[in-house]
Amino acid sequence: MEPPKKYQWKRSYTAVLIANAVYIVLFYVLMTIFS
């Protein structure tokens, strides 16, 4: 019996983690191109 608010927070937190991973990969690719 989890509250829907907790589920929504967990879902948005997962989205933030995915966005951070994508940003790190893009930054790594840019560094590789410019080096």
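Residues numbered from 1 in each chain as written. Predicted model: local features only at pLDDT ≥ 70, side-chain atom pairs only at ≥ 80, totals over all residues. Heavy atoms only, no water.

**A word on the overall build of the protein chain**
Point 1. Scanning the protein chain for helices and strands turns up one helix and zero strands.
Point 2. The burial tally for the protein chain puts 0% of its 35 residues in the buried class.
Point 3. With an accessible surface of roughly 3900 Å², the protein chain has 73% of that area assigned to carbon and sulfur atoms. (Helix = DSSP H or I, 4+ residues; strand = E, 2+ residues; numbered from the N terminus. Buried < 20%, exposed > 50% of the residue type's maximum accessible area, 1.4 Å probe, protein only. Areas by Shrake-Rupley, 256 points an atom, 1.4 Å probe, with all protein chains shown as cover.)

**A word on the UniProt feature "transmembrane region" (unreviewed entry) in the protein chain**
Point 1. As annotated by UniProt and renumbered to match this structure, "transmembrane region" (unreviewed entry) occupies residues 12-34.
Point 2. Within the segment residues 12-34, helix and strand shares are 100% and 0% respectively, and the terminal C-alpha atoms sit 33 Å apart. (UniProt positions renumbered as here; feature names shortened; annotations may be inferred.)

**Quick notes on a nonpolar patch on the surface**
Point 1. Together, Val25, Tyr28, Val29, Leu30, Ile33 and Phe34 make up a nonpolar patch on the protein surface, roughly 690 Å² of accessible area in all.
Point 2. Mapped onto the elements of the fold, tyrosine 28 is located in helix α1 (residues 4-34). (Patch = residues over 30% accessible without salt bridge, like charges linked within 9 Å, V, L, I, M, F, W, Y side chains within 5 Å. Salt bridge = Lys/Arg side-chain N within 4 Å of Asp/Glu carboxyl O.)

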